[in-house]
Amino acid sequence: MADNEKSRIEKVSIVISRGSLDGVYPGLIMANGARMEGIDATIFFTFFGLEAIMKKRADKLKVSTVGNPAMHMPTMVGMLPGMSSFATSMMKKEMDKLDIPPVGEFIEMISDTGADLFACKATVDMFHLSIDDFLPQVDGIINVGEFYERSANAQIIFT
Amino acid sequence: MPVKQIAGVQVDLDDEGFMINPDQWTREIAVELAKEEGIDTLTDGHWKIIDFVRKDSKEKGQIPTIRRMKNIGGIATKDLYDLFPQGPAKKSAKIAGYPKPKGCV
């Protein structure tokens with residue numbers, strides 16, 4: 001038991017850098033799961049990961065069917081119109097069965113657990129965005145230095 | 001399988017202290033289990049959650065997710081984390097007399 005307590009994770013900082021549905025969910029599930037275990041969690045959204053916290057985009061993310069060998073689908077088939085939407089709706093249906101919420105609702109839930117959500121300043125500047133483009137649960141726009149400051153004593157997980 | 005006397009009832013527990021048989025549960029047991037989890041007094045807010053966990057688990061055959069507590073049970077996620085800090089899903093299940101939740105969300 002003593003060993004167990006010593007090695008317990010107290011805090012995680014999760015970076016979400018991709019904007020596909022399959023790129024965003026693992027980080028969200030890990031952040032939410034951390035809070036469920038009483039572990040402090042911060043999520044840093046960077047590059048295309050910002051789509052997950054954009055008002056206009058959060059609930060429109062799609063599964064990538066091209067360049068993804070695990071889809072077991074030839075690239076040319078994955079390119080056909082509607083394939084990505086089809087794969088996305090299949091995945092959403094399966095996730096709903098497991099009670100995994102849509103992205104917008106998940107962000108709201110994770111924020112309600114007490115986790116902190118931040119957008120990456122470099123990406124915000126690059127895409128000419130402002131805080132108004134983001135869901136109200138976003139706690140702010142921070143640079144990479146501030147991210148490391150906030151991650152003191154945390155395990156950093158890049159997704 | 002450990003057996004323990006809690007609030008005057010012989011209760012079957014797993015190795016982590018979760019009840020194996022929800023039918024052995026009583027409200028007095030809940031009060032004792034809550035104390036073990038560091039919750040000295042069960043308020044109306046706690047009971048609303050415990051009652052929903054018991055009712056929903058009985059109907060659905062599995063412990064409700066946090067999302068289900070919010071959408072079906074009308075329990076705000078913030079309240080759940082305030083009332084059962086440091087692991088709300090596990091703690092509420094434990095105090096409600098159910099085994100440890102197995103899902104990821």
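These numbers were taken from a predicted model, which means no experiment stands behind them. (Residues numbered from 1 in each chain as written. Chains lettered and ligands numbered in written order. Predicted model: local features only at pLDDT ≥ 70, side-chain atom pairs only at ≥ 80, totals over all residues.)

1. Observations concerning the overall build of chain A
Stated formally: Here a strand is any run of E in DSSP of at least two residues, a helix any run of H or I of at least four, and the numbering for each starts at the N terminus. The size measure is the radius of gyration over C-alpha atoms, and the globule rule it meets is 2.2 Å times the number of residues to the 0.38 power. Put simply, a residue is buried when 20 or more other C-beta atoms lie within 10 Å of its own C-beta and exposed when 12 or fewer do; between those, it is partly exposed, and each C-beta is set from the backbone. Our contact criterion uses C-beta atoms placed from the backbone: two residues qualify when those atoms are within 7 Å.
Check the secondary structure of chain A and you find seven helices and five strands. Secondary structure elements of chain A, listed N to C terminal, follow the sequence α-β-α-β-α-α-α-β-α-β-α-β. Taken over the C-alpha trace, chain A has a radius of gyration of 17 Å; the compact-globule value for 159 residues is 15 Å, and the two agree within 12%. Principal-axis analysis of the C-alpha atoms gives chain A an extent of 55 × 45 × 25 Å. Across the 159 residues of chain A, 30% fall into the buried class. Taking contacts inside chain A between residues at least 6 apart in sequence as the whole, the part at least 24 apart equals 69%.

2. Quick notes on the overall build of chain B
A count of helices and strands for chain B gives five helices and two strands. Across chain B, helices and strands are ordered from the amino to the carboxyl terminus as β-β-α-α-α-α-α. Relative to the 2.2 N^0.38 estimate, which gives 13 Å for 105 residues, the radius of gyration of chain B is 13 Å and therefore close to what a compact globule would have. For the C-alpha atoms alone, the extent of chain B along its principal axes is close to 35 × 30 × 20 Å. Restricting to contacts in chain B with at least 6 residues of sequence separation, those with at least 24 account for 44%.

3. A closer look at the packing of helix α2 (residues 44–60) of chain B against helix α5 (residues 88–95) of chain B
Residues and elements named next belong to chain B. Convention followed: Here an angle of 0 to 180 degrees is reported between the N-to-C directions of two axes, which are lines fitted to C-alpha atoms, with helices fitted over the stretch in contact. If an angle is under 35 degrees, it is roughly parallel; if it is over 145, roughly antiparallel; if it lies from 65 to 115, roughly perpendicular; otherwise it is oblique. The classification used treats Ala, Val, Leu, Ile, Met, Phe, Trp, Tyr, Cys and Pro as nonpolar, Asp, Glu, Lys and Arg as charged, and all other residues, Gly among them, as polar.
Two elements in contact, α2 and α5, have axes separated by 9 Å at closest approach and are oriented at 75°. Put simply, α2 runs roughly perpendicular to α5. On α5, the residues that touch I49, I50 and V53 of α2 are S92, A93 and I95. Grouping the amino acids of the contact of α2 with α5 by side-chain chemistry returns five nonpolar, one polar and no charged.

4. A few points about the confidence of the model for chain B
The predicted structure's coordinates, where accompanied by low pLDDT, should not be read in detail. Residues and elements named next belong to chain B. Formally: Along the chain, pLDDT gives the predictor's confidence residue by residue, from 0 to 100.
Looking at chain B, the pLDDT average stands at 95 and 100% of residues meet or exceed 70. Mean pLDDT across the elements of chain B bottoms out in strand β1 (residues 3–6) (92) and peaks in α2 (97). For this predicted complex, the interface confidence score (ipTM) comes to 0.89, while the overall pTM stands at 0.91.

5. Notes on the interface of chain A and chain B
Taken together, the contact between chain A and chain B spans 14 residues of the former and 13 residues of the latter. Elements with a minimum of two residues in the side of chain A that touches chain B: α2 (21–36) and α5 (103–112) of chain A. Ranked by the residues each element gives to the side of chain A that touches chain B, the list is headed by α2 of chain A, at four residues. Here the side of chain A that touches chain B is composed, by residue class, of six nonpolar, five polar and three charged.

6. Side note on the nonpolar core
As a rule of thumb, nonpolar side chains are buried together in soluble globular proteins. Residue and element names in this part refer to chain A. Operational definition: In this description, a nonpolar core means buried residues of the types Ala, Val, Leu, Ile, Met, Phe, Trp, Tyr and Cys, linked to one another by C-beta atoms lying within 7 Å.
Core analysis: the biggest nonpolar cluster contains 59 residues, and I43, F45, A52, I53 and A119 have the highest contact counts within it. Counting residues per element, this core draws most heavily on α2, at seven residues. With residues up to four places along the chain from it excluded, the contact list for A52 reads I16, V24, F45, A58, L61, V103 and I107.

7. Observations regarding α5 of chain A
Regarding α5 of chain A, the residues found buried are V103, F106, I107, M109, I110 and S111 of chain A. Structurally, α5 of chain A contributes buried residues whose contacts are with α2 and β3 (116–120) of chain A together with α3 (66–71) and α4 (77–83) of chain B. One or two steps after α5 of chain A, the chain reaches G114 of chain A, where phi turns positive at roughly 100°.

8. Quick notes on the environment of T65 of chain A
All names here are of chain A. Within the secondary structure, T65 sits in the loop between β2 (40–45) and α3 (75–78). Taking the C-alpha atoms as reference points, T65 and A87, 22 residues apart in sequence, are found 7.4 Å from one another. If we ignore the near neighbours within four places in the chain, the residues touching T65 are M71, M73, G78, M83, S84 and A87.

9. What to know about α2 of chain A
Residues and elements named next belong to chain A. Stated precisely, the cut-off is as follows: Multiply 1.5 Å by the residue count of a helix minus one, and that product is the helix's expected span.
Taking 1.5 Å of rise per residue, the 16 residues of α2 would be expected to cover 22 Å, and the 22 Å separating its terminal C-alpha atoms lies within 8% of that figure. For α2, the full list of buried residues reads L21, V24, Y25, G27, L28, A31, N32, A34, R35 and M36. Remark: G38 follows α2 within two positions and exhibits a positive phi of approximately 80°.

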